[in-house]
Amino acid sequence: MEGAATAAVAVEGLSRRRGSVRRGREVLSDITAQFLPATFTAIVGPSGSGKSTLLNCAAGLDRPTRGTVRWQDQEITGMGERRLARMRGEHAGFVFQSHNLLPDLTIAQNTALPARLTGRRPSPAAVREALSRVGLDDVEHRRPAELSGGQQQRVVIARALFTRPRVVFADEPTSALDRCTADAVLGLLRGAVDQEGRTVVLVTHDPVAAATADRVLVLDRGRVRAELHRPTPQQVTDRLAALQGPVAPREVPV
Ligand SMILES: Nc1ncnc2c1ncn2[C@@H]1O[C@H](COP(=O)(O)OP(=O)(O)O)[C@@H](O)[C@H]1O
Ligand SMILES: [Mg+2]
């Protein structure tokens, strides 16, 4: 690293094997990448290319077979589960495709849950404000089932941002949503970067979603094949289409 900004998240030489020693295979191979503060990175690639595995390893939800993961100046690789859970609770927010809202809790309780799990006692006013910031007013006493899919995903974003995390990890957060609702959710993530200085790492197979990012990492067969800066959706589509051919044995990852 060239001195400048310390990366919010940095992965180095990251590999992840799946399966048994004899019959297993590497689903991530030697990935090195940095996610700088207040930047938005999208990870794209074909299904099975390792996007979720990379996100989960970077997020401290999965453990790499080789390599290291650092969050700012702390290496999280090798941390015990309790300490890792505390790190996640303090520094990371999560948004997944299936919203993971608890059906029996109110929207307010769902929003405040990660904060409470790390020992904080958020005020009702703070929860209201967090919901209002994602465009949801007067929903805090409702249950998730009473909200539309798009509203539920807004709650998830409010929940992810509520602890003021350094990094938000999002895995296909818009793939179950229509274009218009998806764009609204992407706008909230973009705003978290531009207005609040969060770092966002977004896994998506949608070139339009990817084009919301500052930078796009193109993954294929466990390796980063390309890095695009502020691409258009068409440029992302073209780069993905160019992956179709066989990978030359000595191809060097970009
Ligand atoms: N729990 C698991 N056990 C075994 N193989 C897995 C598991 N999760 C993912 N894989 C395999 O690892 C590869 C990468 O998966 P994944 O990271 O989910 O890809 P993507 O998110 O790009 O679709 C795939 O070939 C997938 O089948
Ligand atoms: Mg995936």
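As shown above, the structure is provided for reference.
Summarised in this report is the structure supplied together with it.

The rules behind these values
- Residues numbered from 1 in each chain as written.
- Chains lettered and ligands numbered in written order.
- Predicted model: local features only at pLDDT ≥ 70, side-chain atom pairs only at ≥ 80, totals over all residues.
- Near = placed C-beta within 6 Å.
- Helix = DSSP H or I, 4+ residues; strand = E, 2+ residues; numbered from the N terminus.
- Nonpolar A, V, L, I, M, F, W, Y, C, P; charged D, E, K, R; others polar.
- Buried ≥ 20, exposed ≤ 12 C-beta atoms within 10 Å, placed from the backbone.
- Arc of directions from axis to C-beta.
- Contact = placed C-beta atoms within 7 Å.
- Pairing = 2+ DSSP bridges.
- Core = buried A, V, L, I, M, F, W, Y, C linked by C-beta atoms within 7 Å.
- Axes fitted to C-alpha atoms, helices over the stretch in contact; angles between N-to-C directions.
- Parallel < 35°, antiparallel > 145°, perpendicular 65-115°, else oblique.
- Left-handed = near helix turned anticlockwise from the far one by under 90°.

1. Regarding the site of ligand 1
At step 1: Every residue near ligand 1 is listed here: Arg18, Val27, Gly45, Ser47, Gly48, Ser49, Gly50, Lys51, Ser52 and Thr53.
At step 2: No other element matches helix 1 (residues 51-58), which puts three residues into the shell around ligand 1.
At step 3: Tallied by class, residues from the shell around ligand 1 come to one nonpolar, seven polar and two charged.

2. Some thoughts on helix 8 (residues 233-241)
At step 1: Of the positions making up helix 8, those classed as buried are Val236, Arg239 and Leu240. For helix 8, the arc enclosing every buried residue in end-on projection is 100°, short of the 170-degree limit, so these residues lie on one face. Turned more than 90 degrees off the buried face of helix 8, the exposed positions are Gln234 and Ala241.
At step 2: Those residues of helix 8 that are buried lie in contact with strand 3 (40-44), helix 7 (207-210), strand 9 (215-220) and strand 10 (223-229).

3. Some thoughts on the pairing of strand 3
At step 1: Within strand 3, five of the five residues are buried, which leaves it mostly tucked inside the rest of the structure.
At step 2: Burial along strand 3 is two-sided: Phe40, Ala42 and Val44 and Thr41 and Ile43, pointing in opposite directions, are all buried.
At step 3: The pairing of strand 3 with strand 8 (residues 199-203) spans four bridges and is classified as parallel. In the strand pairing of strand 8, Ala42 is matched with Leu202.
At step 4: As paired strands, strand 3 and strand 9 are joined by four bridges and run parallel to one another. What sits directly across from Thr41, in strand 9, is Arg215.

4. Here we look at helix 3 (residues 107-117)
At step 1: Considered for burial, the residues of helix 3 that qualify are Ile107, Ala108, Asn110, Thr111, Ala112, Pro114 and Ala115.
At step 2: Those residues of helix 3 that are buried lie in contact with helix 2 (81-91), helix 4 (124-133) and helix 5 (149-162).
At step 3: Gly119 occupies a position one or two residues after helix 3 and carries a positive phi of about 90°.

5. Notes on the pairing of strand 1 (residues 9-18)
Residues in a regular strand point their side chains to alternate faces of the sheet.
At step 1: By the bridge criterion, seven bridges tie strand 1 to strand 2 (residues 25-35) in an arrangement that is antiparallel. Among the inter-strand pairings, Arg16 is bridged to a residue of strand 2, identified as Leu28.
At step 2: Hairpin connection from strand 1 to strand 2: six residues lie between these consecutive antiparallel strands, with Gly19 at a positive phi of about 90°.
At step 3: Here strand 1 pairs with strand 4 (residues 66-71) via five bridges, running antiparallel. Following the sheet pairing, Ala10 is matched in strand 4 by Arg70.

6. Regarding the nonpolar core
At step 1: Membership of the largest hydrophobic core comes to 68 residues, with the highest contact counts inside it found for Ile43, Val168, Leu189, Val201 and Leu202.
At step 2: Look past the residues within four positions of Val168 in its chain and what remains in contact with it is Gly93, Val95, Ala160, Leu161, Leu189, Ala192, Arg198 and Val200.

7. Quick word on the sheet that holds strand 10
At step 1: Strand order in the open sheet formed by six strands is 6-7-8-3-9-10, and the pairing between neighbours is mixed. The two strands at the open ends of the sheet, each matched to only one other strand, are strand 6 (92-96) and strand 10. Neighbour-to-neighbour, the strand axes of the sheet open up by a mean angle of 15°, direction not taken into account.
At step 2: Pairing between strand 9 and strand 10: six bridges, direction antiparallel. In the strand pairing of strand 10, Leu217 is matched with Glu227.
At step 3: Here helix 1 sits on the sheet in contact with strand 3, strand 7 (167-171), strand 8 and strand 9, set at roughly 150° to strand 8.

8. Some details on the packing of helix 4 against helix 5
At step 1: Between helix 4 and helix 5, the least distance of the axes is 9 Å, while the angle of their chain directions is 125°. Between helix 4 and helix 5, the angle is such that the two are oblique. Both helix 4 and helix 5 take part in a crossing whose hand is right-handed. Contact residues: Ala130, Leu131 and Arg133 in helix 4; Ala158, Leu161 and Phe162 in helix 5.
At step 2: Residues that form the contact of helix 4 with helix 5 fall into these classes: five nonpolar, no polar and one charged.

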